[in-house]
Structure formats: C-alpha cells, structure tokens
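# Residue-level structural notes
This is what each chain is made of:
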Amino acid sequence: MRIHGAVVLVTGASSGIGRAAARLLADRGATVLAHGRDVEALKALTDRIGGVPLVADLAEPGAADALAAEAIAAAGRVDVLVANAGAGYAGPFAAMPAERIGTLVAANLAAPLALTRALLPGMLDRGAGALVYVTSIAGRTGVAGEAAYAATKAGLDVFAESLRLELNGRPVSVGVLVPGVVDTGFFTRRGLPYGRTRPRPLPAGDVAEALVALVERERAEAYRPRWLRLPVAIRGLAPGAYRTLAGRFGGS
C-alpha cells in the first residue's frame, strides 16, 4: 500500500516500536495519528513529525471505540491501522492479580478488535486500507511466566489470520509483525526487566522498519529478528528442539 498521503493511526506511539514507526511513516509522507497515554511524550512526537496526538487508555471500557471516532474526526478517515499498543506481565500465573488479567485482555486483544470493527467498514467503502497488528513470539511459541500475555498475543495472531481469510480478494490487507526481544521500556513497565544477555534486544527502529515494509508490501507476516521463524517452523516437526528453542529464546 502507498504510504505517502495515507492517514495512519498508530497505537502505543508514545514510546518504543510505536514511536519509531510513527516517525518512519511520517518521513514517508503519511499523516500520523499518534495514540498513547503519555501526554508529554505524544506532544513531543507529534510536534516533531507534524502528527495529531490522541490520548486514551485502551484498557478502559469503550476507549477503543472513542479513539476510532476521535481519529476519524481529526483526519476524516483512517487508511492504515497499526495496532501496536499493549500491556505486559511476567510472573507465575497463579499469583497474577485478577485485574491485571483484565488489563492484558482489554489492551492487547479487545482493543485491536474494537478498533478494527470501527475502522474496517470505511476502508472497504473507500476501496483501500491496511491493518497491521504487532503480536509477539510469545504468542507463537508460548513462554513460561507469561501465560496470560502469550494468550492475548496468540488470540490477536489468530484473529488477524482469520480476518485475512475473510477479506481475501477485498482491497484491505492484513499483516502481523512478530517481534522477539526489543529494546524498549516494555520490560520495565511489565514489572520484570529483561535479564538475558542473549538474544540481545533489537533497536526499536529496526523493528519499525519491518513494520513499515509490511504495510508497503502488503505482506501477511514479518518476524524480527528473522530467525524467529525457526522455532515456529519446527514446532510440529521436532518437538524437542522446539521446546529448547522456545525455552531459550521465547521471551518477548
């Protein structure tokens, strides 16, 4: 899809992958509607790229529908949705507070579905559009200590795949970006910093480049780093090797 001249809604744009993607999209000529919860960070970003800041907590009931309406009111349409915002949690599931489960389900799964439901009809009516979902390798392999998070990302992954099949032959592309460990504030916010030396976290800009390419080339999926395809590919072929790789490299 042509990015120059497109209106792009990027959720979770106040930091990390979302912020890097918003900058790249603006550099390529898109009008960026930048969503986030950090008012000051959003203002700094949108002042720099000439975008529109949209503040919302997508874990709150009705926030996704309100965000979609605000985006359309601000720009008249949304051509591309980059559903990147999400929440994390690390620790034993039995000790996980019930409210954190609700937050993860709302922010990581329910909000992207609601945004898609609100924005997809307009894309179909205009005869062009792109939907991109940032999932996680945790949703493809499963990760001990991240059961609820992995479940939400797996759900988003299957939603995207199902929607792609549903829209086959229609003028709206559906893609997923499957990242591994990325150098962002995600791990601090989830409550447990990333403690491994390998694999080394990727710069957010590298992952954002893959995201933008996913939109431009209308691909179904992209992995960053690319070798993450390996544990997914061998899951059913070599279960022992899969478990070793998932246990060693599966942290998102």
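Above this text is the structure in question.
Below you will find a few notes about this structure. (Residues numbered from 1 in each chain as written. Predicted model: local features only at pLDDT ≥ 70, side-chain atom pairs only at ≥ 80, totals over all residues. Heavy atoms only, no water.)

### Quick word on unusual backbone geometry
- Located in the positive-phi region is Glu-218, a residue other than glycine, with phi close to 55 degrees.
- Tracing the backbone through its elements, the reader meets Glu-218 in the loop between helix H8 (204–217) and strand S9 (221–224). (Helix = DSSP H or I, 4+ residues; strand = E, 2+ residues; numbered from the N terminus.)

### What about the sheet that holds strand S4 (residues 80–83)?
- A sheet is described by the order of its strands in space; here seven strands give the open sequence S3-S2-S1-S4-S5-S6-S9, paired in parallel fashion. Strands with a single pairing partner mark the edges of an open sheet, and in this sheet they are strand S3 (52–55) and S9. Going from strand to strand, the sheet's axes swing by 15 degrees on average, the running direction of each strand aside.
- Across four bridges, strand S2 (residues 31–36) lies against S3 in parallel orientation. Bridged to Ala-34 within S3 is Pro-53.
- Relative to the sheet, helix H3 (residues 63–75) contacts strand S1 (7–10), S2 and S3, its axis offset from that of S3 by approximately 160 degrees.
- Against the sheet, helix H4 (residues 98–126) contacts S1, S4, strand S5 (129–134) and strand S6 (172–179), and its axis sits at roughly 165 degrees relative to S5. (Pairing = 2+ DSSP bridges. Axes fitted to C-alpha atoms, helices over the stretch in contact; angles between N-to-C directions. Contact = heavy atoms within 4.5 Å.)

### Some remarks on the nonpolar core
- In terms of nonpolar packing, the biggest core is built from 35 residues, with Val-8, Leu-25, Val-32, Leu-177 and Leu-211 touching the most fellow members.
- For this core, the secondary structure elements donating two or more residues are S1, helix H1 (16–27), S2, helix H2 (39–49), S4, S5 and H8.
- The greatest single-element share of this core, amounting to eight residues, is contributed by H8.
- If sequence neighbours within four positions are ignored, Val-8 has contacts with Leu-25, Ala-30, Thr-31, Val-32, Leu-33, Val-80 and Val-82.
- Listed in part, the 33 residues of the second largest apolar core include Leu-58, Ala-63, Ala-85 and Leu-115. (Core = buried A, V, L, I, M, F, W, Y, C linked by side-chain atoms within 4.5 Å. Buried < 20%, exposed > 50% of the residue type's maximum accessible area, 1.4 Å probe, protein only.)

### Quick word on the side chain of Thr-46
- Along the polypeptide, Thr-46 turns up in helix H2.
- Under the relative-accessibility criterion, Thr-46 is labelled buried at 5%.
- Apart from residues lying up to four places away in sequence, Thr-46 is in contact with Ala-34, Gly-51, Val-52 and Pro-53.

### A closer look at H1
- With 12 residues, H1 ought to run about 16 Å at 1.5 Å a step, and its terminal C-alpha atoms sit 17 Å apart, in line with that.
- Regarding H1, the residues found buried are Gly-16, Ile-17, Gly-18, Ala-20, Ala-21, Ala-22, Leu-24, Leu-25 and Ala-26.
- Following H1 by one or two positions, Gly-29 has its phi on the positive side, about 95 degrees. (Expected span 1.5 Å × (residues − 1).)

### Considering the packing of H4 against helix H6 (residues 147–166)
- Put simply, H4 and H6 touch, their axes get as near as 7 Å, and they point 20 degrees apart. One finds that H4 runs roughly parallel with respect to H6. Judged by the sense of rotation from one axis to the other, the crossing of H4 with H6 is right-handed. Seen from H4, the contacting residues are Leu-104, Val-105, Asn-108, Leu-109, Pro-112, Leu-113, Thr-116 and Leu-120; seen from H6, they are Ala-148, Tyr-149, Thr-152, Lys-153, Gly-155, Leu-156, Phe-159 and Leu-163. (Parallel < 35°, antiparallel > 145°, perpendicular 65-115°, else oblique. Left-handed = near helix turned anticlockwise from the far one by under 90°.)

### So, the pattern of salt bridges
- Scanning all chains against the criterion turns up seven salt bridges.
- Between Asp-47 and Lys-43 there is a salt bridge, and its shortest N-O distance comes to 2.8 Å. Taken together, the residues Asp-47 and Lys-43, both in helix H2 and four residues apart, mark about one turn of the helix.
- Residue class for Asp-47 comes out exposed when judged on its relative accessible area of 53%.
- Shared partners join several salt bridges into a network, and the residues in it are Arg-28, Glu-209 and Glu-216. (Salt bridge = Lys/Arg side-chain N within 4 Å of Asp/Glu carboxyl O.)

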